Structures are given as structure tokens and as C-alpha cells.
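Listed here are the chains, written in short residue letters.
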Amino acid sequence: MLIREKVRQAVELLNEYKLDCWITFVRESGIMRDPMMDFLCDSDMTWHSAFLIFATGETQAIVGQLEKNTVDEMGVYQKVTGYVEGIGNHLQQALLEHDPKSIAVNFSENSEVCDGLTHGMYRILRGHLAEIGFADRLLSSEKLVSSLRARKTPTEIGRMKQAVAHTLDIFAEVSAFIEPGQTEEEIAEFMRQRVRERGLVVGWDPAHCPAVFTGPDNKGPHYHPTDLVVERGHVLNMDFGVKVEDYVSDMQRTFYLLEEGETKAPADVRKGFDTIVESIEMARQVLKPGVLPVEVDKVARDYIVSRGYDEFPHGLGHQVGRFVHDGNALLGPAWEKYADKVYQPVEEGMVFTIEPRLRVPGRGDATTEEMVVVRAGGAEFLGKPQTELILVG
């Protein structure tokens, strides 16, 4: 069970970061859901609820009485307390019994995935702890939560590999479907239908997944498919992913529409595509635990510029997990919008995309997007990478 894996991992992280206790404090989580609830409980909580994990390995949940059985039957928490009137006394008693000197809770100024505790809930929690003299022990769980999301367990990696496999299969199916004269939207709808036939959903907003970009006049990344027509001699790019058991894929593939009489892509298209493939492999080679993401981005960015292209207007890659953009560390340049994310050291178990981009003048955008998992010895592809242009006759 994934939740059991993540709770065990949380105990390890508490000890790694020398924290005594981690509390996730929620209410009406179906409306205001803490990003970490998915790793702690498989259902929503109605009343004030606290999930406590201690560095000693002890685990406890304090929830409304009517939700006690739901949490109990998960078999994750050693002690599940159900209350009727209020959580305060039960929470105070649990903390007094363990006397943690540091209590990590989910607030953060730097990361959306670590900032689930609302201001109101923080004040309520602090009030309960002030009554027993523990209020000054509260601190941010940012480091712990960031690592817990980032370091994928075998179950998480397995689900993402399945998502990647489905994605590559659908790319193969659409390769046989594409013809000159089709629109971006027609191609996108073909792919959506393939997803539905597999009983899946797309990896992000259906209005933008898949994204299809054809020719030099395309609307660019993060735009929905349009009525722009696929033409011979143009480069066609797709950004696409699916969700499998709450985990997503995010990949891109590049196609070339052959002119009449052509049997291979022209030199300018091949040069652009080969530059992308080479830059991805160069970045993968340096993507290892401990390296700074900004250093990985620089390798690919500098190489593309050295080949005579403009630098791409976005980061080299992002983490992927339950969401297509999921995690604090980001492979990118030292730009204001990326803040500290490009200086968060890479950790073993992180899953990143690697997705440089360049413009082939008069043709369109060349890019592939690969997903890799960081291992102790380096980054491994989660699926077969694209190393050859997909030619459409």
C-alpha cells in the first residue's frame, strides 16, 4: 500500500532532518485539501484531524469519532483516536506523552506543495500547543515534505512507468494517423479518444492535453490545439501524458511531414532534432544526486546556443508525480520566476522531465520531452527515448 510506504519514508526523513514529530492538521479536506493528505489517508476528513508521525516510528491519527473506523481499517496508524466534542485535549495528551522538541507542520513561504496548513488552522493548532507550552516548538516541514514528495517509492515509480508506457503506445498510434491537411485539434481528439478507450484520463487539463503544435506559426507551449493545418515540410510537436492510479506522465515527441518525393528530413530539420537529442543526453549524464538543478540546465542550454540556436525560454525540466508539475527542485536557469527551486540539490528517487526546445526557421519547433528517475549512479529513462525523427509521409 502506497500510504504505508510513504509513512515509513516519513519516519526515515524525520531522523535524517533531525525532527522529532510531523503533524498534518486538517479539516473539511474535501474543500481545503492539504497537498500531503494523499500520502497519509485515502479519504477526506470532516472535522479537525491530526496525523502525527514521530521520529521514534510511532504513528497516531486523531480524528472525529465517525471517521475513526475509516482511518483504523487502513492499518497504517498504530493508534487511532476518535473524539466527539473536540480534538484539543487528545492532541495535547499525545504530544505530552512524546514531548517532541521540534514539531514540523505544513507551512512554507517557498513551495506550494509544502504549504497546506491554512493560516486559520495554524492559529488553532498553535493555540492548542500554547496551552501546554509547546507553541514555540512549531517549525516548517518544508524539507521533510519536499523530500517525501520527491523521493519516489517503488510503487510510485511503477505507476509512472505504466503511464509512460501508455503514452508511448498512443504516440505510436497517432503516428499512423497523422496526414497533411489535418488540424491540430483533429489530431488531439484522436489521441483523447485513444485515452478514453484505455479507460484512462489525460495527465492534465484536457483543454491543453494533448498540446499539438505544427509549423512555424504555432502558438507555442502551454496553448490548446487549434485549427492550424498540418502541412508538408513542417515540424509537428506534441506534448502529452496520461494518469495511472493518480500518477502522471509528461512527454513530447517531434514529427516531420515529408515533402512530395522526400524520403528523409532535410538537413536543417535533422540538425535541430539531433541537437535536442544530444542536449538531453548531455543533461542526463550530469543529473545525479547532489548536483544543483541550475548546473544541469546550463549544460543543455549552453550546448543548444553553441549550435547556433536561441536559448529556450523556459526551464529544462520539472519534477513529475501526482501532478505534472510536482516538487520543489526544478532544472532551470537562475531566473527570478524560479527563485530557489534551481538551487535545491537533486535527490535520489526524484523524477524529472528533460525538455529543451529550439526553433527550426520556417519549419517549427523541435523538442522531445523524456522522463527520468534519479538513481545513485545517475538518471535512468522511464521509457524508450526518442532518438530519431518520426517521419510522416
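Look up a bit, the structure's there.
A. The packing of aromatic side chains, seen in detail. According to the stated counting rule, one finds 5 aromatic pairs in the structure shown. Aromatic side chains Phe107 and Tyr122 sit 5.7 Å apart centroid to centroid with 80° between the ring planes, which places their arrangement in the edge-to-face category. Residue Phe107 is located in the loop between strand 5 (103-105) and helix 4 (119-130), and its partner Tyr122 is located in helix 4; the two are separated by 15 residues in the primary sequence. By relative accessible area, Phe107 is classed as partly exposed at 28%. Overall, Tyr122 belongs to the partly exposed group, its relative accessible area being 23%. Cation over ring: Arg194 sits above Phe190, and NZ or CZ is 4.3 Å from the ring centre. One residue, Arg301, lies across the ring of Phe312, its end atom 4.0 Å from the ring centre.

B. Local environment of the environment of His325. Relative to the elements of secondary structure, His325 occurs in the loop between strand 13 (317-318) and strand 14 (330-331). On a C-alpha basis, the gap between His325 and Lys271 in space is 30 Å, while along the polypeptide they are 54 residues apart. Filtering out sequence-adjacent residues up to four positions away, His325 remains in contact with His222, His318 and Gln319. Side-chain polar atoms of His325 contact the side chain of His318, separated by 3.5 Å.

C. Quick peek at the nonpolar core. One finds Trp22, Phe51, Tyr77 and Met238 to be the most contacted residues of the largest nonpolar core, which totals 68 residues. What Tyr77 contacts, discounting residues up to four positions off in sequence, is Val7, Leu40, Phe51, Thr59, Gln60, Ala61 and Val71. Counting 32 residues, the second largest nonpolar core, distinct from the first, contains Val291, Ala329, Val374 and Ala379.

D. Summary view of the pairing of strand 3 (residues 59-64). In terms of burial, strand 3 is largely enclosed, as 6 of its 6 residues are buried. As paired strands, strand 2 (residues 49-54) and strand 3 are joined by 4 bridges and run antiparallel to one another. Pairing of Leu52 across the sheet is with Gln60, part of strand 3. Between strand 2 and the antiparallel strand that follows it, strand 3, lie 4 residues; Gly57 among them carries a positive phi value of about 100°. Direction of pairing for strand 3 relative to strand 4 (residues 79-83): parallel, over a ladder of 5 bridges. Within the sheet, the bridge partner assigned to Gln60 lies in strand 4 and is Lys79.

Reading the values: the criteria
Residues numbered from 1 in each chain as written. Predicted model: local features only at pLDDT ≥ 70, side-chain atom pairs only at ≥ 80, totals over all residues. Heavy atoms only, no water. Phe/Tyr/Trp six-rings, centres within 6.5 Å; stacked < 30°, edge-to-face > 60°. Helix = DSSP H or I, 4+ residues; strand = E, 2+ residues; numbered from the N terminus. Buried < 20%, exposed > 50% of the residue type's maximum accessible area, 1.4 Å probe, protein only. Lys NZ or Arg CZ within 6 Å of the ring centre and 35° of its normal. Contact = heavy atoms within 4.5 Å. Polar contact = N/O pair within 3.5 Å; in protein donor to acceptor, adjacent residues only side chain to side chain. Core = buried A, V, L, I, M, F, W, Y, C linked by side-chain atoms within 4.5 Å. Pairing = 2+ DSSP bridges.

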